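Summary of structural features
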Amino acid sequence: MASSASATAAAESNAETAQKNYKIVQDAGDFAETEAQRPAFDQAKPIEVTQSPYPQWKYGEGVPDNGASLAQKHHEIDPYHPDRPMINNYRLLVSGIAPRPVGFLSTINNQGRKNLSPFSYFQVIDHDPPMFIVGFSSRPGRVKDTYRNLKETGECVINTVSENMIEAVNASSIDAPYGVSEWDVSGLHEAPSTTVKPSRVAESVFNIEGKVVDIKEFTDHQQPGMSLAATVLIKATRFWVKEGTADPEYSHIDLEKLRPVGQLGGISYGRVVSTFERPRTKWSQEVPKSDLLVKLDAEKPGHQ
Ligand SMILES: Cc1cc2nc3c(=O)[nH]c(=O)nc-3n(C[C@H](O)[C@H](O)[C@H](O)COP(=O)(O)O)c2cc1C
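Criteria and thresholds
Residues numbered from 1 in each chain as written. Predicted model: local features only at pLDDT ≥ 70, side-chain atom pairs only at ≥ 80, totals over all residues. Helix = DSSP H or I, 4+ residues; strand = E, 2+ residues; numbered from the N terminus. Buried ≥ 20, exposed ≤ 12 C-beta atoms within 10 Å, placed from the backbone. Pairing = 2+ DSSP bridges. Core = buried A, V, L, I, M, F, W, Y, C linked by C-beta atoms within 7 Å. Contact = placed C-beta atoms within 7 Å. Axes fitted to C-alpha atoms, helices over the stretch in contact; angles between N-to-C directions. UniProt positions renumbered as here; feature names shortened; annotations may be inferred.

1. Quick word on the overall build of the protein chain
- The helix and strand inventory of the protein chain stands at nine helices and 14 strands.
- Seen through its C-alpha atoms, the protein chain measures out along the principal axes to roughly 80 × 50 × 50 Å.
- In the protein chain, which comprises 304 residues, the proportion classed as buried is 21%.

2. Some words on the pairing of strand β10 (residues 206–217)
- Where strand β7 (residues 155–159) and β10 come together, five bridges link them in antiparallel fashion. Note on β10: the bridge partner recorded for Val157 is Glu209.
- Inspection of the sheet shows β10 paired to strand β11 (residues 230–241) by eleven bridges, in the antiparallel sense. Residue pairing in the sheet places Ile215 in a bridge with Val232 of β11.

3. Some details on the nonpolar core
- In terms of nonpolar packing, the biggest core is built from 30 residues, with Val102, Phe104, Leu105, Val134, Cys156, Ile158 and Val161 touching the most fellow members.
- Counting only elements with at least two residues in this core, the list comes to β3 (103–108), β4 (114–119), β6 (130–136), α4 (145–153), β7, β10 and β11.
- Residue contacts for Ile158: discarding those within four places in its chain leaves Gly103, Leu105, Phe132, Ile208 and Gly210.

4. Structural notes on the sheet that holds strand β5 (residues 122–127)
- The sheet built from seven strands is open, its strands ordered β4-β3-β7-β10-β11-β6-β5 with antiparallel pairing. Strands with a single pairing partner mark the edges of an open sheet, and in this sheet they are β4 and β5. In this sheet, adjacent strand axes meet at a mean angle of 30° when their direction is disregarded.
- Pairing of β3 with β7 involves three bridges; the strand directions are antiparallel. Bridge assignment links Ser106 to a residue of β7, and that residue is Val157.
- Sheet strands in contact with α4 are β3, β4, β6, β7, β10 and β11, and its direction is about 55° off that of β3.

5. Examining the UniProt feature "domain: Flavin reductase like" (unreviewed entry) in the protein chain
- The positions that UniProt labels "domain: Flavin reductase like" (unreviewed entry) are, in the present scheme, residues 95–241.
- Secondary structure across residues 95–241 divides into 15% helix and 41% strand, with the first and last C-alpha atoms of the span separated by 30 Å.

6. Some points on the sheet that holds strand β13 (residues 269–271)
- Taken together, three strands build an open sheet; the order of strands is β2-β12-β13 and the sheet is antiparallel. Each edge of the sheet is formed by a strand with only one pairing partner; in this case those strands are β2 (100–101) and β13.
- Here β2 pairs with strand β12 (residues 261–263) via two bridges, running antiparallel. Bridge pairing links Pro101 to Gly262 in β12.

7. Observations concerning the pairing of β11
- Relative to β11, β6 runs antiparallel, the two being bridged by six bridges. Its bridge partner being in β11, Phe136 is matched across the sheet by Ala230.

8. Description of unusual backbone geometry
- Backbone torsion omega between Ala98 and Pro99 reads -5°, so that peptide bond is classified as cis.
- If you trace the backbone, Pro99 turns up in the loop between α3 (86–96) and β2.
- The peptide bond linking Asp128 to Pro129 adopts the cis configuration, its omega dihedral lying at 5°.
- With respect to the helices and strands, Pro129 occurs in the loop between β5 and β6.
- Even without a glycine there, the phi angle at Tyr250 is positive, about 50°.

Below, the structure written as structure tokens:
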């Protein structure tokens, strides 16, 4: 009994120390004052379609900028070096791997308590079967409620995040006590799901009901006082697309209607206001158009 009490006290003290050293949530200073100096968000901004950066690009050309993109050398970093603070890896990764889509996850626990939180260590990773991945970061103390719920019940709804939802979505990332529903914090609305218990977000253009198929916990990386980091693989069980946002076959969502928000570095988000296209190519059709491809084709292994 005594040893279990002292273990709990040690765990609490470790969590307290870990909390003191944990600086992931950036202090934005007087953000209201900073934002007041900026231009208003243009809700009606159309999405412009332009040419690609180098429309005349030829096979083998790399980046046709006269070597400008090769001028600087790279600096090598060991992410695990004892002198490298974890926060530097966090800042580097969220600013360098950007924009990231935001998966807005609705889950419930075994008692039916609801949770809603955003995750940008998130991606669709296949369509056949439709598969998604979500990464849960280590933090001082307990694991994230969403992760706990996914482990307990194996169910979720992944909701897309459009520009008009971002304040509500960002607010739902607050570290609410376990069991407090971010549905109430955000003011977003619930819609019923069919194949899983958690609700869908009615405001989202696209909802994906899904079930957990695998979890990888990084036990070997866990630090004293910090929760376990984990990655969860989710398989879709049902799609819901808002009417009027897609083609008649529900095979393509209109970007003008989706208006996706991407997470960038720091506390920045980005919007899509300009796009360009590049056709996908086939070797057999492209070889006759390019001397380089003719040469590579002639040199391929087994070619006589
Ligand atoms: C846009 C956005 C993206 C986020 N992405 C992640 C993420 O990928 N992984 C993560 O562990 N936390 C992420 N967070 C932080 C979580 O949302 C936050 O820790 C939240 O409180 C977790 O809620 P929960 O404990 O109710 O699951 C993100 C926050 C925001 C605002």
